[in-house]
Amino acid sequence: HVFTSNGLRPTLESNFAIQWSGPGLRESAYRELREHQRVNHFPGSTELTRKDRICVHVDRMKTVFKDGHFDFLPETYVLPGALGEFKRHFKAGGGFWIVKPQNSSCGKGIFILRSLKELPSHEPCVVSRYIDNPLLIQGLKFDLRIYVLVTSYDPLRAYIYREGLTRFASKPYSKEKCHLRDAYRHLTNYSVNKSAANFQENAEVESDHCGHKWSLSALNKHLRCVGVDVDLMWSGIMDLVVKTLLAVEPAVSGRIRETMLSSSPCFELYGFDVMVDEHLKPWLLEVNLSPSMRGDSPLDWHVKNALLCDAFNLVGVEERQVLPR
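Here is what the cut-offs are and how they apply
Residues numbered from 1 in each chain as written. Predicted model: local features only at pLDDT ≥ 70, side-chain atom pairs only at ≥ 80, totals over all residues. Heavy atoms only, no water. Helix = DSSP H or I, 4+ residues; strand = E, 2+ residues; numbered from the N terminus. Expected span 1.5 Å × (residues − 1). Bend = angle between axes of the 7 residues up to and from the residue. Polar contact = N/O pair within 3.5 Å; in protein donor to acceptor, adjacent residues only side chain to side chain. Buried < 20%, exposed > 50% of the residue type's maximum accessible area, 1.4 Å probe, protein only. Arc of directions from axis to C-beta. Phe/Tyr/Trp six-rings, centres within 6.5 Å; stacked < 30°, edge-to-face > 60°. Salt bridge = Lys/Arg side-chain N within 4 Å of Asp/Glu carboxyl O. Core = buried A, V, L, I, M, F, W, Y, C linked by side-chain atoms within 4.5 Å. Contact = heavy atoms within 4.5 Å. Pairing = 2+ DSSP bridges. Axes fitted to C-alpha atoms, helices over the stretch in contact; angles between N-to-C directions.

**A closer look at helix H9 (residues 230-259)**
So, point 1. Over its 30 residues, H9 extends 42 Å from the first C-alpha to the last, a length consistent with the 44 Å expected when each residue adds 1.5 Å.
So, point 2. Along H9, the helix axis deviates most sharply at Glu249, where the bend reaches about 50°; the proline Pro250 sits within four residues downstream.
So, point 3. Residue Asp229 occupies the N-cap position of H9, its side-chain oxygen lying 3.4 Å from the main-chain nitrogen of Asp231.

**Notes on helix H10 (residues 298-315)**
So, point 1. Taking 1.5 Å of rise per residue, 18 residues should cover 26 Å, and H10 covers 26 Å from first to last C-alpha, within 8% of that figure.
So, point 2. By the burial criterion, the buried members of H10 are Leu299, Asp300, Val303, Lys304, Leu307, Leu308, Ala311, Phe312 and Val315. All buried residues of H10 lie within an arc of 160° about the axis, which places them on one face of the element.
So, point 3. Gly316, located one to two residues past H10, shows a positive phi value of around 95°.

**Some points on the packing of aromatic side chains**
Aromatic ring pairs are reported here in terms of the distance separating the ring centres and the angle at which the planes meet.
So, point 1. For the structure shown, the criterion picks out 14 aromatic pairs.
So, point 2. Between Trp20 and Phe267, the ring centres sit 6.3 Å apart and the planes meet at 45°, which makes this aromatic pair tilted. Of this pair, Trp20 sits in the loop between strand E1 (18-19) and helix H2 (27-31) while Phe267 sits in the loop between H9 and strand E12 (268-276), placing them 247 residues apart in sequence.
So, point 3. Assessed through its relative accessible area of 1%, Phe267 is described here as buried.
So, point 4. Their ring planes at 85° and their centres at 6.5 Å tell us that Phe267 and Phe312 sit as a pair that is edge-to-face. Here Phe312 lies in helix H10 and Phe267 lies in the loop between H9 and E12, a separation of 45 residues in the sequence. Take Phe267 and Phe312: they sit in the same class, and that class is buried.
So, point 5. Grouping aromatic residues by their ring pairs yields a cluster made of Tyr77, Phe86, Phe90 and Trp97.

**Overview of the pattern of salt bridges**
So, point 1. Applying the stated criterion to the full structure yields 22 salt bridges.
So, point 2. The partner of Asp239 in a salt bridge is Lys243, and the shortest N-O contact between them spans 3.0 Å. Within this pair, Asp239 and its partner Lys243 are both found in helix H9, separated by 4 residues, close to a single helical turn.
So, point 3. Overall, Lys243 belongs to the buried group, its relative accessible area being 15%.
So, point 4. One continuous salt-bridge network, built from bridges that share partners, spans Asp143, Arg145, Arg167 and Asp273.

**Quick word on unusual backbone geometry**
So, point 1. Put simply, Leu79 and Pro80 share a cis peptide bond, and its omega is 15°.
So, point 2. Looking at where Pro80 falls in the secondary structure, it is placed in the loop between strand E3 (76-79) and helix H5 (83-93).
So, point 3. Here Asp154 and Pro155 are connected by a cis peptide whose omega angle stands at 5°.
So, point 4. By the secondary structure assignment, Pro155 is in the loop between strand E8 (140-153) and strand E9 (156-160).
So, point 5. With a phi angle near 60°, Asp67 is a residue other than glycine that sits in the positive phi range.
So, point 6. Relative to the elements of secondary structure, Asp67 occurs in the loop between helix H4 (51-64) and E3.
So, point 7. Judged by relative accessible area, which is 74%, Asp67 ranks as exposed.
So, point 8. One non-glycine residue, Gln138, lies in positive phi territory at about 55°.
So, point 9. Among the structural elements, Gln138 can be located in the loop between strand E7 (136-137) and E8.
So, point 10. For Gln138, a relative accessible area of 69% corresponds to the exposed category.

**Thoughts on the nonpolar core**
So, point 1. Residues Leu144, Ile146, Tyr153 and Phe272 are the most contacted members of the largest nonpolar core, which totals 51 residues.
So, point 2. Listed by contribution, the elements that provide at least two residues to this core are H2, H4, E8, helix H8 (216-225), H9, E12 and strand E13 (282-288).
So, point 3. Ranked by the residues each element gives to this core, the list is headed by H9, at 11 residues.
So, point 4. Every residue in contact with Tyr153, bar those within four places of it in the chain, is listed here: Phe42, Leu48, Leu245, Val248, Glu249, Val252, Ser253, Ile256 and Tyr270.
So, point 5. Counting residues in hydrophobic clusters, the runner-up holds 18 residues, among them Tyr147, Leu149, Phe312 and Val315.

**Description of the sheet that holds E3**
So, point 1. One open sheet accounts for 4 strands, arranged E3-E6-E4-E5; its pairing is antiparallel. Of all strands in the sheet, those bounded by a partner on one side alone are E3 and strand E5 (111-113). When the angles between neighbouring strand axes are averaged without regard to direction, this sheet yields 30°.
So, point 2. Two strands pair when backbone bridges link them, and strand E4 (residues 97-101) and strand E6 (residues 125-129) are joined in this way by 5 bridges, in the antiparallel orientation. For Val99, the partnering residue across the bridge sits in E6 and is Val127.
So, point 3. Docked against the sheet, H4 engages E3, E4 and E6, running at close to 130° with respect to E3.

Scope: geometric values only; no functional claims are made or implied.
Now the structure itself:
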């Protein structure tokens, strides 16, 4: 809809203006791009979006910059490589930990660890310290989907979209042992909670503070009304986004130089999932490669349609660009 309403049309020809591709674009496709063409990925973006890779880069920055400047990623162990280290840590301190597959999405395979016996024996995964003191709204846990457009890694150039989505769990948050396996209390993924019997989908754009998915604007308004320092919260989130990109910039830039002469045809729209705790500290949960642009509700349609229009304007996609052959 965004493409066609701006004068573009689908084509199978090689003189396209923009290629909107899923993950896994082959490297030869980057080398074949012409000057006027755009593609929605950078080589090496998985250094940012794979759970087992982002923690490596953030840990490296922690060793360079002390004093907690890169403490926005929960303590994480990549298994099976760090299995022994994690077991020693778990036995010594216990606490709440969450297990996630290395390269998954939509909340698949995620659970809160109650015993070391529950750890996958063969499948690679990451185990992270569980944020057990989240900021709650009406007793519900929530996270923020923040859209970040990167148009260059060398030099690094990124834009944070001011609007986005707030996704709620569908049952009240609880750390009771009997509730630890209840995904509707602990996971905020839309793909998980939309199956809950009490899930409320947004029905009207104007009511962006209703149901289990809000706009970021509605979240900001609500938090201000209950006395939360929203400016402080967003200052921390902006800091988190910038430092996350800085952490992976060397690795992604290296892949770009190996793959293509220039990164000018590339851009990437990432979905940063951020959780804020009761002290207003933001935590990075993950960064999504190819975040869903589906419009499952009027609110989704409103936010994502405007997001894509702004992204394509910044990237410089124009109807006239389809003409050269």
